[in-house]
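Below, each chain spelled out in residue letters.
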Amino acid sequence: MKINCIAIDDEPLALEIITDYCARATFLNLMKTFINPVDSIEYIRIEKIDLIFLDIQMEELSGIQLLNALKHKPFVIFTTAYDSYAIQGFELDVVDYMLKPVSFERFIKGVNKVCERMQMEANTGPGAEPTKLRSHEGNFFFVKTETRMERIENHDVLYVEGMGDYWRIVTRTRRIMTLMNARKLEEVLSEPQFCRVHKSFFIALDKIESIERNRIKIGDKNIPVSETYRKSFFDLVERKKIS
């Protein structure tokens with residue numbers, strides 16, 4: 001897999017280093033370098049670019065301003081001499097934040113993160129199966145939103161609600177909209193943690209506060225149990241019931 005990339009930095013020496021590193025990493029295709037970030041905007045709009053190596057503090061336009069100006073953002077790795085922008089980088093969903101001078105080993109580590117993200121997106125595009133992984137901390141999965149891949153911890157999920165072609169995943173702290181096939185979502189949100197109770201609802205069983213007839217209360221949400229899923233749901237409840 002070839003990764004098409006560009007580098008933007010107002011320091012010629014920094015661009016020389018990136019150029020050398022890209023030549024040594026044969027899976028990278030460095031298409032162009034820019035000293036003036038303004039000159040890159042039209043190129044990014046027209047060309048198919050997977051990755052930008054981007055400096056932050058530049059005279060004409062900062063890397064953060066450039067990134068905010070892009071309608072469609074490729075993957076970005078910040079290359080900077082300053083560590084004070086790390087939080088902003090996280091908020092902008094950059095793949096990596098590399099401090100100058102960047103060693104080749106550190107460069108490859110950052111690029112490998114891009115490869116992982118690209119593979120993840122390939123496996124989790126619209127209608128594709130969400131990626132479910134297991135770590136020492138527990139289960140989590142990734143879903144694709146309009147602008148990024150979102151990691152969701154299973155234990156944070158309260159319920160998932162169908163919204164037309166989209167699904168809204170409601171957690172303790174976030175509401176995430178994603179476009180995906182219901183069957184694929186059901187494979188991820190499966191027993192014993194989750195249960196489908198309606199064509200438009202999946203719930204986390206351990207988040208149920210009360211059940212009244214065919215209504216489930218989770219937080220301030222009352223979720224209906226449809227006839228189709230009623231038996232399977234109440235069978236699960238029965239197993240948990242103390243007589």
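Scroll up to find the structure.
Residues numbered from 1 in each chain as written. Predicted model: local features only at pLDDT ≥ 70, side-chain atom pairs only at ≥ 80, totals over all residues. Heavy atoms only, no water.

Asker: Where do I start with the packing of aromatic side chains in this structure?
Answerer: For any two aromatic rings, the description comes down to two numbers: the centre-to-centre distance and the angle of the planes. Scanning the entire structure with this criterion turns up nine aromatic pairs. Ring centres of Y21 and F107 lie 5.2 Å apart, and the angle between their planes is 55°; this geometry places the pair in the tilted category. Remark: F107 occurs in helix 5 (residues 104-123) and Y21 occurs in helix 1 (residues 12-24); sequence separation between them is 86 residues. Residue class for F107 comes out buried when judged on its relative accessible area of 0%. The interplanar angle of 70° and the centroid separation of 5.0 Å between the aromatic rings of F233 and F234 together place this pair among those described as edge-to-face. (Phe/Tyr/Trp six-rings, centres within 6.5 Å; stacked < 30°, edge-to-face > 60°. Helix = DSSP H or I, 4+ residues; strand = E, 2+ residues; numbered from the N terminus. Buried < 20%, exposed > 50% of the residue type's maximum accessible area, 1.4 Å probe, protein only.)

Asker: Even after reading the chapter, I still don't get the nonpolar core, so can you show me in this structure?
Answerer: Most often, soluble globular proteins have nonpolar side chains that are buried together. Ranked by internal contacts, the top residues of the largest apolar core, which has 21 residues, are L28, L51, F53, F107 and V114. Where this core is concerned, the elements lending two or more residues are strand 1 (3-8), helix 1, strand 3 (51-54), strand 4 (75-80) and helix 5. Element by element, the count of residues in this core is highest for helix 5, at five residues. If we ignore the near neighbours within four places in the chain, the residues touching V114 are I3, L51, F75, I77 and V95. (Core = buried A, V, L, I, M, F, W, Y, C linked by side-chain atoms within 4.5 Å. Contact = heavy atoms within 4.5 Å.)

Asker: So what exactly am I meant to see when it comes to a nonpolar patch on the surface here?
Answerer: On the surface, M163, Y166, M177 and L179 cluster together into a nonpolar patch covering about 300 Å² of accessible area. Overall, L179 belongs to the partly exposed group, its relative accessible area being 33%. (Patch = residues over 30% accessible without salt bridge, like charges linked within 9 Å, V, L, I, M, F, W, Y side chains within 5 Å. Areas by Shrake-Rupley, 256 points an atom, 1.4 Å probe, with all protein chains shown as cover. Salt bridge = Lys/Arg side-chain N within 4 Å of Asp/Glu carboxyl O.)

Asker: Which parts of the structure should I look at to understand the sheet that holds strand 5 (residues 96-99)?
Answerer: Consider a sheet: its strands pair through backbone hydrogen bonds, and that pairing is either parallel or antiparallel. Ordered in space as 2-1-3-4-5, the five strands form an open sheet in which the pairing is parallel. Single-partner strands in this sheet number two, and they are strand 2 (28-34) and strand 5. On average, each strand axis in the sheet is inclined to that of its neighbour by 20°, with strand direction left out of account. One ladder, built from four bridges, connects strand 3 with strand 4; its direction is parallel. What sits directly across from L51, in strand 4, is F75. This element, helix 1, spans strand 1, strand 2, strand 3 and strand 4 of the sheet and lies at about 165° to strand 2. (Pairing = 2+ DSSP bridges. Axes fitted to C-alpha atoms, helices over the stretch in contact; angles between N-to-C directions.)

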